[in-house]
Amino acid sequence: MARGEPYRLLIILSVVCAVLSAFLDNVTTVVLLAPVTLYIATTLRIWAAARQAMVVTLAQLRATSELPGVPTVHVVENPSVLAMAVHRFGPACPPLVCTAGWPNTAAVTLLRGLRTAGATLRYHGDFDGEGLRIAAYVMDRTGATPWRMSTADYLAAVTDQLGVGVGHALGQDPAER
C-alpha cells in the first residue's frame, strides 16, 4: 500500500489514526498504531538491507501491495537449511524462503505472490515420507519445481557426512567439508 515511501506511509497512518480516533481515545490510537507499524516497517527494512532472515506475517503480506521481482527463489522446509545458507553465504545468500515444515497460509501467500511477480520457485525438502508429502503440497499450491530432489540427490544425502543432506542441499562440494 505504501510501496516503501515514507510520506505515503505517513498519510496512510494518519488516515487510519483519524478513523480509529472516532472510536477510540486519541492516546490509545497512537500507542496501539503508530509505534507498532513504524517498528515493523523499520525492522523489516533493516533486516532486508542486511540480507538477514526474518519472519513475515500474513498481516504484513496482506498490507504489501507488491513483492520484489527476483528471478529465482529457493524454498526449503527445514530451518537448519536456512540457517546454514545464511551462515555460509552471509550477505550474498540467494533469496530463500523457509516454511519450517508444513507451510501455513502466510508461506503459501508469499510464494504465490513471488511467483506472480515473476520468480521461479525451486523447492527442496526432507527425503522422509512427511518431507515428500510437504514437497508435493508446496509444488501443487505454488507452482514450485523440484530442486535437488532426484534419486541421485537422495542417494547422496543418505551418504552425506554432514547428516540430513544439508551440505548437499546447499550445493556444497563434499571436498570442501
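Since this is a predicted model, take the numbers as computed values, not measurements.

1. Digging into the nonpolar core
Counting 18 residues, the largest nonpolar core has Val-73, Val-97, Leu-111, Leu-114, Leu-121, Tyr-123 and Val-138 as its most contacted members. Elements that contribute at least two residues to this core include exactly strand 1 (72-76), helix 5 (105-116), strand 3 (120-124) and helix 6 (129-142). In terms of residue count, helix 5 provides more of this core than any other element does, four residues in total. When sequence neighbours within four positions are dropped, the list of residues in contact with Leu-121 reads Val-73, Leu-111, Leu-114, Arg-115, Thr-142, Ala-144 and Thr-145.

2. A word on the sheet that holds strand 4 (residues 145-146)
Reading across from one edge, 2-1-3-4 is the order of the four strands in this open sheet, with parallel pairing throughout. In this open sheet, the two edge strands, each paired with only one partner strand, are strand 2 (96-98) and strand 4. Contacts from helix 6 reach strand 3 and strand 4 within the one sheet, and its direction differs from that of strand 3 by about 170°.

3. Here's the deal with helix 6
Relative to the 20 Å expected for 14 residues at 1.5 Å per residue, helix 6 spans 20 Å between its end C-alpha atoms, a close match to the ideal helical length. Within the sequence span of helix 6, burial applies to Gly-131, Ile-134, Ala-135, Val-138 and Thr-142. Along the axis of helix 6, the buried residues cluster in a sector spanning 105°; they form a single face. Residues of helix 6 that are buried in the fold lie against helix 5 and strand 3. Positioned one or two residues after helix 6, Gly-143 has a phi angle of 80°, which is positive.

4. Considerations on the pattern of salt bridges
Enumeration over the complete set of coordinates arrives at two salt bridges. The closest approach of N and O atoms between Arg-133 and Glu-130, which form a salt bridge, is 2.8 Å. Of this pair, Arg-133 and Glu-130 both sit in helix 6, three residues apart, roughly one helical turn. Using a relative accessible area of 47% as the deciding quantity, one classes Arg-133 as partly exposed. With a closest N to O distance of 2.9 Å, Asp-140 and Arg-141 form a salt bridge.

5. Considerations on the packing of aromatic side chains
Given two aromatic rings, one states the distance between the centres and the angle between the planes to describe the pair. Counted by the stated rule, this structure contains two aromatic pairs. Here Trp-102 and Tyr-137 contribute two aromatic rings whose centre-to-centre distance is 5.4 Å and whose plane-to-plane angle is 70°, an arrangement assigned as edge-to-face. A residue pair is termed long-range when its members are at least 10 positions apart, and Trp-102 in the loop between strand 2 and helix 5 and Tyr-137 in helix 6 qualify at 35 residues. On the basis of relative accessibility, which here comes to 41%, the residue Trp-102 falls in the partly exposed class. For Tyr-137, a relative accessible area of 26% corresponds to the partly exposed category. Pairing Phe-127 with Tyr-154 gives two aromatic rings, centres 5.3 Å apart and planes at 85°, and the pair type is edge-to-face. One end of the pair, Phe-127, is in the loop between strand 3 and helix 6; the other, Tyr-154, is in helix 7 (residues 151-158), with 27 residues separating them in the sequence.

6. Comments concerning the environment of Pro-146
Assignment of secondary structure puts Pro-146 in strand 4. When its relative accessible area of 48% is taken as the criterion, Pro-146 is described as partly exposed. For the pair formed by Pro-146 and Val-75, sequence separation is 71 residues and the distance between their alpha carbons is 9.5 Å. Dropping the residues within four chain positions of it, Pro-146 is found in contact with Arg-122, Tyr-123 and Met-139.

Rules used throughout
Residues numbered from 1 in each chain as written. Predicted model: local features only at pLDDT ≥ 70, side-chain atom pairs only at ≥ 80, totals over all residues. Heavy atoms only, no water. Core = buried A, V, L, I, M, F, W, Y, C linked by side-chain atoms within 4.5 Å. Buried < 20%, exposed > 50% of the residue type's maximum accessible area, 1.4 Å probe, protein only. Helix = DSSP H or I, 4+ residues; strand = E, 2+ residues; numbered from the N terminus. Contact = heavy atoms within 4.5 Å. Pairing = 2+ DSSP bridges. Axes fitted to C-alpha atoms, helices over the stretch in contact; angles between N-to-C directions. Expected span 1.5 Å × (residues − 1). Arc of directions from axis to C-beta. Salt bridge = Lys/Arg side-chain N within 4 Å of Asp/Glu carboxyl O. Phe/Tyr/Trp six-rings, centres within 6.5 Å; stacked < 30°, edge-to-face > 60°.

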